[in-house]
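Architecture at a glance
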Amino acid sequence: MPVAIFRQCKLMGRGVLLLSTAWPMAAAAQQSADAPADIRVIGHRDPEGLLPDQTDPHAVSEVGADFIVKQAPTQNAFQLVNLLPGATVASSDPYGLSTSSSLTLRGLGQDEIGVLMEGAPQNDIGYYYAYPSQFADPENLRRIALSPGSVNIDAPTVVGAGGLLSLTLDDPKATRQLLADVALGSYGLRRVFARVDTGEIGNSGLKAFLSYSSTRADNWRGAGFDTRQHIDAKLLREWGNGNRASLALSYNNANSSSYPSPTLAEWQAQGRGFNYDARYTPGDTNYWQLYRAPFRNLYASAPVHLVLDDRLTFDGTSYLQFGYGNSPYGTQLATSGNFLGNEELADPIALPGAVAGVATVLGNYTGDQMRLGQVARLTLQAGIHRLTAGLWFDYGTDRVTQTYTSVDAEGRPADRWGYRSRAIRTADGRLLAYENQRTVTVTKSVFLADSIALTPRLTVDVGFKGVNLLRNGRNDLPGPQSAVRRDSFVALPRAAVHYEIDDRQQLFANITTNFRAPNEFTLYDSYYGGVVTTRGTNALKNEYSVSQELGYRYIGPSLSASLTGFHYKFRNRQLGTVVDNGGALVNSSLNVGGQTSYGVDGEIDYRPAKGVSIYVSGEYLRARIDDDLPVGADFLPTRGKRAVSSPTFQIGGGGTYDDGLLFGSIAGKYVGRQYATFMNDESIPGYATLDLAIGVHLADWLDGKRTDLRINAINVTDPHVLAGVQAVTTNARDTIGRGGTVIAGNAPAYYIGGGAAVVATVSRAF
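Residues numbered from 1 in each chain as written. Predicted model: local features only at pLDDT ≥ 70, side-chain atom pairs only at ≥ 80, totals over all residues. Heavy atoms only, no water.

Read across the sheet, 5 strands follow the order β1-β6-β7-β4-β5 without closing on themselves; strand pairing throughout is mixed. Both edges of this open sheet fall to β1 (61-64) and β5 (120-121), since each of them pairs with a single strand only. When β1 meets strand β6 (residues 141-148), the two strands line up antiparallel, connected through 4 bridges. Residue Gly64 lies in a different strand from β6, and its bridge partner there is Arg143. (Pairing = 2+ DSSP bridges. Helix = DSSP H or I, 4+ residues; strand = E, 2+ residues; numbered from the N terminus.)

Another aspect to go through is unusual backbone geometry. Despite not being glycine, Arg106 has its phi angle at roughly 50°, a positive value. Tracing the backbone through its elements, the reader meets Arg106 in the loop between β3 (101-105) and β4 (113-117). Accessibility expressed as a relative area gives 2% for Arg106, which makes it buried. Even without being a glycine, Ser645 presents a positive backbone phi close to 50°. By the secondary structure assignment, Ser645 is in the loop between β33 (634-636) and β34 (649-658). (Buried < 20%, exposed > 50% of the residue type's maximum accessible area, 1.4 Å probe, protein only.)

Moving on to empty space enclosed by the protein. Over the atoms rolls a probe the size of a water molecule, and its path tells where empty space is left. Scanning all chains against the criterion turns up 13 cavities of 30 Å³ or more. Considered as a void within the structure, the largest cavity measures approximately 520 Å³ in volume. As for the largest cavity, its lining consists of 31 residues, and the residues nearest its centre are Gln75, Asn82, Thr689, Asp691 and Asn715. Only α3 (77-80), β2 (87-91), β35 (662-671), β38 (687-697) and β39 (707-714) provide two or more residues apiece to the lining of the largest cavity. Looking at the lining of the largest cavity residue by residue, the classes come out as 16 nonpolar, 12 polar and 3 charged. In this model, the second largest cavity occupies a volume close to 140 Å³. What lines the second largest cavity is a set of 19 residues, and nearest its centre among them are Thr74, Gln75, Asn76, Pro138 and Arg228. Along the lines of polarity and charge, the residues of the lining of the second largest cavity split into 10 nonpolar, 6 polar and 3 charged. (1 Å grid on protein atoms, 1.4 Å probe; cavity = no way out; pocket = protein on both sides within 12 Å on 5 of 7 lines; lining within 4 Å. Points joined across faces, edges and corners; volume = space filled by probe spheres on them. Nonpolar A, V, L, I, M, F, W, Y, C, P; charged D, E, K, R; others polar.)

Shown next, in the form of structure tokens:
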């Protein structure tokens, strides 16, 4: 990207703050010119759902179906919210098919962001990540709501300091119809999608849809390809005065590429050439077929809304999830000199294809999860009070193993799924494993809230949520550790105020508390060479945060805007990362002590004419580490340093056009510098991306049924950049600690930003 463009983007990042202070005056002038009785009929509605009307007492941004349908059909939920304020998306491939991606909100990572789909949690129960390539197909999404810094009190999630990403599926159509999409694109992309809506089934009042998609694309860099098979379904029944019950299903079966993440030195030396090997040679552990990650997931959610009488309502969501997958890697094993936990194996193991007692094998990192839960609440309207009381229960199991599978002479694994039944075993028949553990997580929560309408325009909300999280686990490796347990209870009070200045202007303020328990992997010992290299502990403190927001909204006939100031204070701030422990990848958490963050988010949606929308968002963020970081027996001098993955400035903007015949869009995003270490001794520079789309509605030229042709150009400027931090470290260079010792540096790893791609899509309704 030319230097001039970066300079221009930086100026735009500062300019959005000035623009955000100017729009209230413009809004007031426009308000005085319009008669109050015409507020809802004068002007132009928001055609893209980028800034819909909101009355929540906290910041909320959205993308709606009209915006989603204009994007490339492979885009995942993270990529679709990239324009929204505070959202920083690092995607390793332009199509969003790879699991190598991340989302941060106001500098807080995706293991701090709760994700719901149809009211059911999507985050991993062990270490809280969510995987957007597994979510519902974009054609089936009605909206994606993003609440940075706040989650609803009844949200079934134990993470939320970073906010809440909530996906809502489209309801089944009232009439029977068929929708089909076909897409072709760069890197051999081929995608088909078909959805059938039943309309009302007989006279039952039931209606449903069922969809299927199949996607295949070559890796945009290096050898390999991605495949994805996906099914979505929803059954809905509505009756009476707002009563409704539904069942939503989402099934995903994918084999995805995990693009390698370089260090800064590797990026500077090889650039986009930092890839897995295209051809296998004996002894090669970097062959691409050893790094393809297969996953299968099923999500089921059954939300219910019942109007019990004119003052009392019931809302409940039951959910069930199953998931199994493998994140493999290439490594080598010797037939002798092996350990199982802290036990040295006296007898050699059988390794097919071993040469001089050494064989290349597939290292498996498998997760086998099951999760079920129920969240339920009653809401009572009693005079000026709207009282809410509810319970949430969640039960989940997570079986994690690191095993080994043989590889043939062509480098092909005997079993890419890493099933234990086909893994390499010891001479006496036991599973040869680097990790072998099973964890049961039980979450119980009670919440109470009162929304008090003091006047028709002023509402005060107060609430309390108590959460008990219990982990029980077993380490099946020989050694000093067997059973593990961690039990904690956290009280989470909150309060908010919402004031309607008039029919178009709102003020809101809130204070919210959040927590996050250490991930399950911190409980377990890790071994290398028969020695415990990382000692598991249940003594780590929960992360706890207090956040405040102060915001202003304007909802006008042709102009809508929002401006939010925010402040966070963290204790025991936790950051998830990945470390290489003797050739095996191990999930780890770093406690960086206190952190203080504050900043401003702003967004504007201007609709000067029917079918035209201009959108701008921006954020200023100041995030600082409050404490020195303990490393061994010394402390790194990190107090006052900038938090990792927390760009000071970012700005997004774009426009859409749709006159009923032609349509198109433009979307750009600039993200500022991001630090990768707590010592701020390594960072990646800011970068910008640009997406374009153009299309035509063909219905009037054919038979009147919806027929659209569109072309999406992704990353049209093809920026050669590092898009985000994949694995943070304490310090990249050797550093003198506060106590005078030398603390060795360790290089962070980064996501390489996806390249340019073009996709042509034909959509047809029958």
